[in-house]
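# Coordinates in review
Listed below are the residues making up each chain.
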Amino acid sequence: MPRETIYEAKIEYLQILNEDGVLDESEAEGSLTDEQALELYEQMWIYRRFDEIAFKLQRSGRMGTYPQNKGQEANAAGSGLAMQRGVDWVVPCYRENLAMHLHGMPYHQILMHWMGDERGNMIPEGVKMTPLSVPIGTHMLHAAGIGWAMKLRGESGAVITYFGDGATSEGDFHGAMNFASVLQAPVIFFCQNNQWAISVPFEQQMHSRTVAQKALAYDMPTIRVDGNDIFAVYKATKEARERAVNGGGPSFIEGMTYRLADHTTADDARRYRDPAEVEAWAEKDPLIRTRKYLASKGLWDDEKQALLGERAEKIVGEIVKAAEGVEPPRTEDFFDYMFAEPTPELVEQRDTMRTSSIGVNPGQIGLRAQGERV
Amino acid sequence: MAKLTLVQAINQALDHEMTRDDRVIILGEDVGKNGGVFRVTEGLAEKHGEHRVQNTPLDESGIIGAAIGLAMAGMRPIPEIQFEGFMGPAYDQIVNHAARYRARSRGTVTIPMTIRVPVGGGIHAPELHSDSPEAIYTHSPGLKVVMPCTPYDAKGLLLSAIRDPDPVIFFEPKRVYRSFREEVPEEDYTIPIGEAKVVNDGDDLTVVTWGASVFQCLEAIDGLPDDVSVELIDLRTVDPIDIDCIAESVQKTGRCVVVHEAPRTAGLGAEISALVQERCFLHLEAPVQRVTGFDTIMPYYKLELEYLPDAERIGKGITECLAY
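Residues numbered from 1 in each chain as written. Chains lettered and ligands numbered in written order. Predicted model: local features only at pLDDT ≥ 70, side-chain atom pairs only at ≥ 80, totals over all residues. Heavy atoms only, no water.

Looking now at the overall build of chain A. Counting its secondary structure elements, chain A contains 14 helices and eight strands. Seen along its three principal axes, the alpha-carbon backbone of chain A occupies a region of about 90 × 70 × 45 Å. Counting every position in chain A, which comprises 374 residues, the buried fraction comes to 54%. The contacts of chain A with a sequence gap of at least 6 include a subset with a gap of at least 24, amounting to 73%. For chain A, the accessible surface area stands at approximately 16500 Å², while carbon and sulfur atoms represent 51% of it. Charge separation in chain A, taken as the distance between the mean sites of 39 positive and 56 negative side-chain charges, equals 2 Å. (Helix = DSSP H or I, 4+ residues; strand = E, 2+ residues; numbered from the N terminus. Buried < 20%, exposed > 50% of the residue type's maximum accessible area, 1.4 Å probe, protein only. Contact = heavy atoms within 4.5 Å. Areas by Shrake-Rupley, 256 points an atom, 1.4 Å probe, with all protein chains shown as cover. Lys, Arg positive; Asp, Glu negative; His and termini not counted. Charge placed at Lys NZ, Arg CZ, Asp CG, Glu CD.)

This is the structure we're talking about:
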């Protein structure tokens, strides 16, 4: 028997709003309305300002290490808006602060997290979200589990989980994809391909031409979109969500973007990145092209921009004030949240931590303050 | 003689061994052009070639698993895991493969590999960048676990680790990376794995510790009354433990305090305490005491200094043990 082709596949690329701010009308159908685009532009602007201020807080010693989000706003904005707040779950990494914000996580809590305070991870009532995840590429399995639970419980809705190109190298990424695929769980795997995993470029991370093609192995609908285009990101996410809530199982979206900043405040990308590459991507900035589009529609002008700038300063100022204004955490907190009911050992350690060196009651082992033998 | 930081001394040892032995290869996330996130491998890719200082995909299990293959096939790999908190995905490869191949194959397949890992707290880092998992790997048979805290010791122990015929986990206390310099000879020298060091001689009490805690202990000892004489032992290697060194000291002093950053329960303090009572029972004047991290998750950095044993808590432990 001659050899035959038993599997063929293709990867589509979707861009709706190009770098000059020109919309492809044929694809714009089913994507954002102009009102939504306007809303997302304002959100992205505030988000950018938040990010800049977070960077300054670190530099001035008011916050620890912080991973900047600059340049990746459209991925978070478009996908965040396409998911339903309070219905869908968001399982984030740490470079989609705006998606977290749109789904109910207050910005000041995100700052609190990076200020070394677990209370920044407290999920507000009614918000369906997991705390931002520091270990790379392991949380997507939780999204698969959440989607599976929703299916078992007959709940409508879907899960979106975010991760970077580097995370797709972890074994757990493939485990998550396979679980969601086998169980046909309503999960959207959103890869923010910002092309750099700290200093390792995309082409050293994988020999694959796209990340999107990895989903083919799990027979999962998959697409690469222009991740700096809120219209394309929104539309692809909306389609994936519709598929998920209608029993169509998981989907994969690769949002092509670029990390305009360093990996974190502890990194210096000048050591390993060509400045020309960064400059070229700066011209593809999602904020610039969205603004151009809105201006071309008569929806934006310098006056509106000035007002937004003022509003952003005020909002971000209040966020910082809220984050820095919290009461210092109680030391006892790190004992009190270990279990629903603390074990006797933990209670002992907690109650004696200020009076004893060893976290046990000195009397129990026969210590005497005056140095007498027992 | 050049005065080097811990980072520089480790860099010099790596450079030295790569020059001496062309089987040596470094692999890990960001170890190439970027020189590692702590700059420990800085300049090595330029000097020895990117094929010998290989940036890998972001996959800890892959890094260790591939390093095992490299080692089996005649190379001397030095994989780096970026932070101790990211060893989780590599645990299976370390404990179920690297540690077992010699025994599994009755000596016919061996894994000469040195896994370098920054370890410990105190640098205001994010979650999973501040843990102390040395007891976990000490509890796993088939691994040697080293944790030097001075530039001189780090170079000598790293050269021993790379030349060791079996897998070694080489923990680098990140709190000490750039905290001080000391003279480090440029030439080849080794410090045997499993040999502790007496940092301070003393007669009244023995403090056993390792890693960054050595410096908290020194501070604690400085704060004690002048008539209290404390012997301080830096284990340098936590597996195998140099019990001869500890026993000799405790037989002299009769009192022992063990200090570590890791949680208390089933930590190395428990093992050392058991060894001391086995070897020094009739010499002991007081129960062996432990001053350790608590049995909780390492808190985010706002509270990390409350968690880590500091000079005050260690001083209290010494005083309590002396008062028994």
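That shown, we press on.
Glancing now at the overall build of chain B. Check the secondary structure of chain B and you find twelve helices and 14 strands. Seen along its three principal axes, the alpha-carbon backbone of chain B occupies a region of about 60 × 40 × 40 Å. When contacts within chain B are restricted to residue pairs at least 6 apart in sequence, long-range pairs at least 24 apart make up 82% of them. Averaging the locations of the 30 positively and 50 negatively charged side chains of chain B gives two centres separated by 4 Å.

The subject of this paragraph is the packing of aromatic side chains. For the structure on display, the rule yields 24 aromatic pairs over all chains. Three or more aromatic residues joined by ring pairs form one cluster here, namely Phe163(A), Phe173(A), Phe189(A) and Phe252(A). In this arrangement the basic side chain of Lys284(A) is found over the ring face of Trp281(A), its NZ or CZ atom lying 4.2 Å from the centre. Positioned above the aromatic ring of Tyr101(B), the side-chain terminus of Arg104(B) is 4.7 Å from the ring centre. (Phe/Tyr/Trp six-rings, centres within 6.5 Å; stacked < 30°, edge-to-face > 60°. Lys NZ or Arg CZ within 6 Å of the ring centre and 35° of its normal.)

Our next topic: the packing of helix H8 (residues 213-222) of chain B against helix H12 (residues 311-323) of chain B. Residue and element names in this part refer to chain B. Here H8 crosses H12 at 60 degrees, and the two axes come no closer than 8 Å. With respect to their mutual orientation, H8 and H12 come out oblique. Considering how the two elements wind past one another, H8 and H12 form a crossing that is right-handed. Facing Gln216, Cys217, Glu219, Ala220 and Ile221 of H8, the residues of H12 in contact are Ala311, Ile314, Gly315 and Ile318. Class assignment of the residues belonging to the contact of H8 with H12 gives a composition of six nonpolar, two polar and one charged. (Axes fitted to C-alpha atoms, helices over the stretch in contact; angles between N-to-C directions. Parallel < 35°, antiparallel > 145°, perpendicular 65-115°, else oblique. Left-handed = near helix turned anticlockwise from the far one by under 90°. Nonpolar A, V, L, I, M, F, W, Y, C, P; charged D, E, K, R; others polar.)

This paragraph deals with the environment of His139(A). Residue and element names in this part refer to chain A. Structurally, His139 can be placed in the loop between helix H5 (107-114) and helix H6 (140-152). On the accessibility criterion, His139 (3% relative accessible area) is buried. It is 8.4 Å that separates the C-alpha atoms of His139 and Phe173, two residues lying 34 residues apart in sequence. Setting aside chain neighbours within four positions, we find His139 in contact with Val91, Pro92, Cys93, Ser133, Thr161, Tyr162 and Phe163.

A grouping of Trp148(A), Leu152(A) and Phe179(A) is seen on the molecular surface, where their side chains present a nonpolar patch of about 340 Å² in accessible area. Within the secondary structure layout, Leu152(A) lies in helix H6. (Patch = residues over 30% accessible without salt bridge, like charges linked within 9 Å, V, L, I, M, F, W, Y side chains within 5 Å. Salt bridge = Lys/Arg side-chain N within 4 Å of Asp/Glu carboxyl O.)

Further remarks concern the sheet that holds strand E8 (residues 251-256) of chain A. Strand pairing within a sheet occurs via backbone hydrogen bonds; the two strands may be parallel or antiparallel. Residues and elements named next belong to chain A. Strand order in the open sheet formed by six strands is E1-E7-E8-E4-E3-E2, with parallel pairing between adjacent strands. Both outer strands of the open sheet, strand E1 (12-14) and strand E2 (89-91), are each paired with one neighbouring strand and no more. Going across the sheet, the axis of each strand differs from the next one's by a mean of 25 degrees, ignoring polarity. In terms of strand pairing, E1 meets strand E7 (residues 222-226) through three bridges, oriented parallel. Bridge pairing in E7 places Glu12 opposite Ile223. Contacting strand E3 (159-164), strand E4 (187-193) and E8, helix H3 (residues 73-82) crosses the sheet at an angle of about 170 degrees to E3. Contacting E3, E4 and E8, helix H7 (residues 171-182) runs over the sheet at an angle of about 150 degrees to E4. (Pairing = 2+ DSSP bridges.)

Turning to the domain arrangement of chain A, a few remarks are in order. Domain boundaries assigned for chain A yield domain 1 (12-324) and domain 2 (333-365). Centre-to-centre separation of domain 1 of chain A and domain 2 of chain A, based on C-alpha positions: 41 Å. (Domains from an automatic or database assignment.)

A word on the side chain of Thr290(A). On the secondary structure map, Thr290(A) appears in helix H11 (residues 286-296). Here Thr290(A) is in contact with Leu17(A), Ala37(A), Tyr41(A), Met44(A) and Ile230(A), once residues within four sequence places are set aside.

Residue and element names in this part refer to chain B. Domain assignment breaks chain B into domain 1 (3-183) and domain 2 (197-323). Summarising the inter-unit geometry, the C-alpha centres of domain 1 and domain 2 are found 26 Å apart. In this complex, domain 1 contributes 28 residues to the contact, which on the side of domain 2 involves 24 residues. Between domain 1 and domain 2 lies a buried interface of about 2100 Å² when both sides are counted; carbon and sulfur atoms form 57% of it. The interface formed by domain 1 and domain 2 holds eleven residue pairs in polar contact (both at pLDDT 80 or more) in total. Only helix H6 (134-138), strand E6 (144-146) and helix H7 (151-163) provide two or more residues apiece to the side of domain 1 that touches domain 2. Here the side of domain 1 that touches domain 2 gets four residues from one element, more than from any other, and that element is H6. (Buried area = accessible area lost by both parts, 1.4 Å probe. Polar contact = N/O pair within 3.5 Å; in protein donor to acceptor, adjacent residues only side chain to side chain.)

As a further point, take the interface of chain A and chain B. Chain A puts 52 residues into the contact, and the matching count from chain B is 43 residues. When the area that chain A buries against chain B is broken down by residue, the three leading residues are Arg271(A), Phe334(A) and Ser357(A), summing to 16%. In this structure, Glu42(B) engages Arg271(A) in a salt bridge whose closest nitrogen and oxygen atoms are separated by 3.1 Å. Summed over the shared surface of chain A and chain B, the number is 14 residue pairs in polar contact (both at pLDDT 80 or more). When residues of the side of chain A that touches chain B are traced back to their parent elements, those giving at least two are H5, helix H8 (202-205), helix H13 (333-336) and helix H14 (344-352) of chain A. Its residues assigned to classes, the side of chain A that touches chain B comprises 22 nonpolar, 19 polar and eleven charged.

In terms of nonpolar packing, the biggest core is built from 96 residues, with Leu111(A), Phe189(A), Ile230(A), Phe231(A) and Phe252(A) touching the most fellow members. Residues in contact with Ile230(A), not counting those within four places in the same chain, are Leu32(A), Ala37(A), Leu40(A), Met44(A), Ala74(A), Ala77(A), Gly78(A) and Thr290(A). Within the second largest apolar cluster, 81 residues are counted, among which are Met87(B), Leu143(B), Tyr177(B) and Ala247(B). (Core = buried A, V, L, I, M, F, W, Y, C linked by side-chain atoms within 4.5 Å.)

On to H6(A). The end-to-end C-alpha distance of H6(A), which contains 13 residues, comes to 18 Å, matching closely the 18 Å that a straight helix rising 1.5 Å per residue would cover. Looking at the packing, one finds that the buried side of H6(A) touches E2, E3, H7 and E4 of chain A. (Expected span 1.5 Å × (residues − 1).)

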